[in-house]
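# Structure at a glance
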Amino acid sequence: MRNARKYKIITLLSMLLSFLLLGNCVREYWRMEAAEARQDEEYVLKGAKIYAENCMTCHGPAGEGSIGLTLNRPDYQVDYKSSEGGEVYTFLSKTIAQGRPGTTNPHWVKMADGNYLSYTAMPTWGKENGGPLDDHFVKAVTLFIMDPTGEQWNGMVGQFTPDNGVAAVTDKNKLHFPNQDDSKNAAAIALLKDTKKSQCLNCHSLGVTNNGTPVGGKVGPDLAKVGLWGVDEAFLTRWISYANQPVKKDTDQTPAVPHNERMPLYWWSNRTTNKPDVKGAPALDLGKQTIAPKGTPYSMPRFKGKLTDDEIKTIAQYLLTLGVEAPK
């Protein structure tokens, strides 16, 4: 009887110990899961800062794309630990680290179908490839782009946009612009200096101070060599006029320029499975490299109604004069 009772006690104690060990294992698992989740959140926050400082000018504050491809895409916003997410993570991290070949300056070619083909390079950012970012920073940017919530793009302009430098220049006459000695460009330069009216320098770099310091924002692309991009006057005037949706009170309710008409549709070298013929635009299966889902927001405001048609044309014609050397 005594031995049987002792065995029962030992059995109960063993079972209790097993439950405690199991509970500890479960708790440890959830603790590790929570710690990993917190670490991923920290990566996303770090990635947002890196993105704002290095990637925004080409890929847009909302990831909408401009010179670079659209990144605000549902097929990128997946759990990186899933099988599908693992493929996306590998693709994005390798692209960030290794870059893509192309021209140093943005360079587009208008195709026979009216769409543009981009030959613009993606810089290498990974240290192993000569860039400034180590593996942790590359991971941070990748996880920022892949955040499954899609909320990582909200507030990027206001929260992470670097100082644009315009406010620091109290005397706009000290701003120097490319080709400013040409009297034909005087009207356009006067509009650009009036940052309350044209607002271009609030988001784009273009002018410099008398000591050569670049002046302008870092939200949008540098406009100092737009003449090399390969776009035409019709493209620029339409984009400046009708970027983004009209305000309901506006008399002109022309819809916003859609994504596939405001940036290249075709991307050279590894962005598609085959290189399009520059003389004509064959039908390409771009797969996941299409421009963007409909409705992806972008940050460029429309200036139809804020500037006259003549003022928009004047700015567009001036921008097309910028750039003095052929793309490399």
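See above for the structure.
Procedures and definitions
Residues numbered from 1 in each chain as written. Predicted model: local features only at pLDDT ≥ 70, side-chain atom pairs only at ≥ 80, totals over all residues. Heavy atoms only, no water. Helix = DSSP H or I, 4+ residues; strand = E, 2+ residues; numbered from the N terminus. Buried < 20%, exposed > 50% of the residue type's maximum accessible area, 1.4 Å probe, protein only. Contact = heavy atoms within 4.5 Å. Areas by Shrake-Rupley, 256 points an atom, 1.4 Å probe, with all protein chains shown as cover. 1 Å grid on protein atoms, 1.4 Å probe; cavity = no way out; pocket = protein on both sides within 12 Å on 5 of 7 lines; lining within 4 Å. Points joined across faces, edges and corners; volume = space filled by probe spheres on them. Core = buried A, V, L, I, M, F, W, Y, C linked by side-chain atoms within 4.5 Å. Axes fitted to C-alpha atoms, helices over the stretch in contact; angles between N-to-C directions. Parallel < 35°, antiparallel > 145°, perpendicular 65-115°, else oblique. Nonpolar A, V, L, I, M, F, W, Y, C, P; charged D, E, K, R; others polar. Pairing = 2+ DSSP bridges. Salt bridge = Lys/Arg side-chain N within 4 Å of Asp/Glu carboxyl O.

### Focus: the overall build of the protein
When helices and strands are tallied, the protein shows 10 helices and 5 strands. Of all 328 residues assigned to the protein, the portion counted as buried reaches 42%. The long-range fraction of contacts in the protein, counting pairs at least 24 apart against all pairs at least 6 apart in sequence, stands at 68%. Entry remark: accessible area of the protein is about 18400 Å², with carbon and sulfur atoms responsible for 56%.

### Describing the layout of surface pockets
Taken as a whole, the largest pocket spans an internal volume of roughly 850 Å³. What lines the largest pocket is a set of 42 residues, and nearest its centre among them are C58, H59, I67, A121 and P123. Every element with two or more residues in the lining of the largest pocket is listed here: α1 (2-54), α2 (56-59), α3 (83-98) and α4 (135-146). Top contributing element to the lining of the largest pocket by residue count: α3, with 4 residues. Estimated volume of the second largest pocket: approximately 590 Å³. Along the walls of the second largest pocket sit 34 residues, with H204, G220, P221, W239 and M300 positioned nearest its centre. Elements with a contribution of two residues or more to the lining of the second largest pocket: α2, α7 (200-203), α8 (233-242) and α10 (309-319). If you tally residues by element for the lining of the second largest pocket, the top one is α8, at 4 residues.

### Describing the nonpolar core
Ranked by size, the top nonpolar core spans 35 residues in total, and within it F177, L206, V226, V231, L236, Y318 and L319 carry the most contacts. Mapped onto this core, the elements with two or more residues apiece are α6 (186-193), α7, α8 and α10. Contact partners of L236, with chain neighbours within four places excluded, come to V226, V231, A316, L319 and L320. Residues V44, L71, M122 and M146 belong to the second largest nonpolar core, which totals 29 residues.

### Notes on the packing of α6 against α10
Their axes nearest at 9 Å, the elements α6 and α10 cross at an angle of 105°. Accordingly, the angle class assigned to the pair α6 and α10 is roughly perpendicular. Across from A187, A188, I189, L191 and L192 in α6, the residues of α10 making contact are E311, T314, I315 and Y318. Classifying every residue of the contact of α6 with α10 by side-chain character gives 7 nonpolar, 1 polar and 1 charged.

### Quick look at the environment of G60
Looking at the element boundaries, G60 is found in the loop between α2 and α3. Spatially, the C-alpha atoms of G60 and W153 are 9.7 Å apart, while their sequence positions differ by 93 residues. Aside from chain neighbours lying at most four places away, what touches G60 is Y51, C55, G65 and S66.

### A word on the side chain of S198
Structurally, S198 is set in the loop between α6 and α7. With near-sequence residues (within four places) excluded, S198 lies in contact with L191, L192, F303, L307 and I315.

### Some details on the sheet that holds strand β2 (residues 116-118)
One open sheet holds the 3 strands; their spatial order is β1-β2-β5, and the pairing between them is mixed. With one partner strand each, in any of the chains shown, β1 (108-110) and β5 (266-267) form the two edges of the open sheet. As judged from the 2 bridges shared by β2 and β5, these two strands associate in the parallel manner. Across the sheet, the residue bridging to S118 is W267, located in β5.

### Observations concerning α8
All of the buried residues in α8 are F235, L236, W239, I240, S241 and Y242. Looking at the packing, one finds that the buried side of α8 touches β1, β2, α9 (259-262) and α10. Just downstream of α8, N244 is the residue with a positive phi angle, here 65°.

### Topic: the pattern of salt bridges
For the structure on display, the rule yields 8 salt bridges. Note that E53 is salt-bridged to K49, the shortest N-O span being 2.5 Å. Separated by 4 residues within a single helix, E53 and K49 lie in helix α1, roughly one turn from each other. Accessibility expressed as a relative area gives 46% for E53, which makes it partly exposed. Here K197 ties to E311 by a salt bridge, and the two come within 2.7 Å at their closest N and O atoms. With K197 in the loop between α6 and α7 and E311 in helix α10, the pair connects residues that are 114 residues apart, well separated along the chain. Judged by relative accessible area, which is 33%, K197 ranks as partly exposed. Using a relative accessible area of 16% as the deciding quantity, one classes E311 as buried. One continuous salt-bridge network, built from bridges that share partners, spans D40, D79 and K81.

Geometry only, nothing functional implied.
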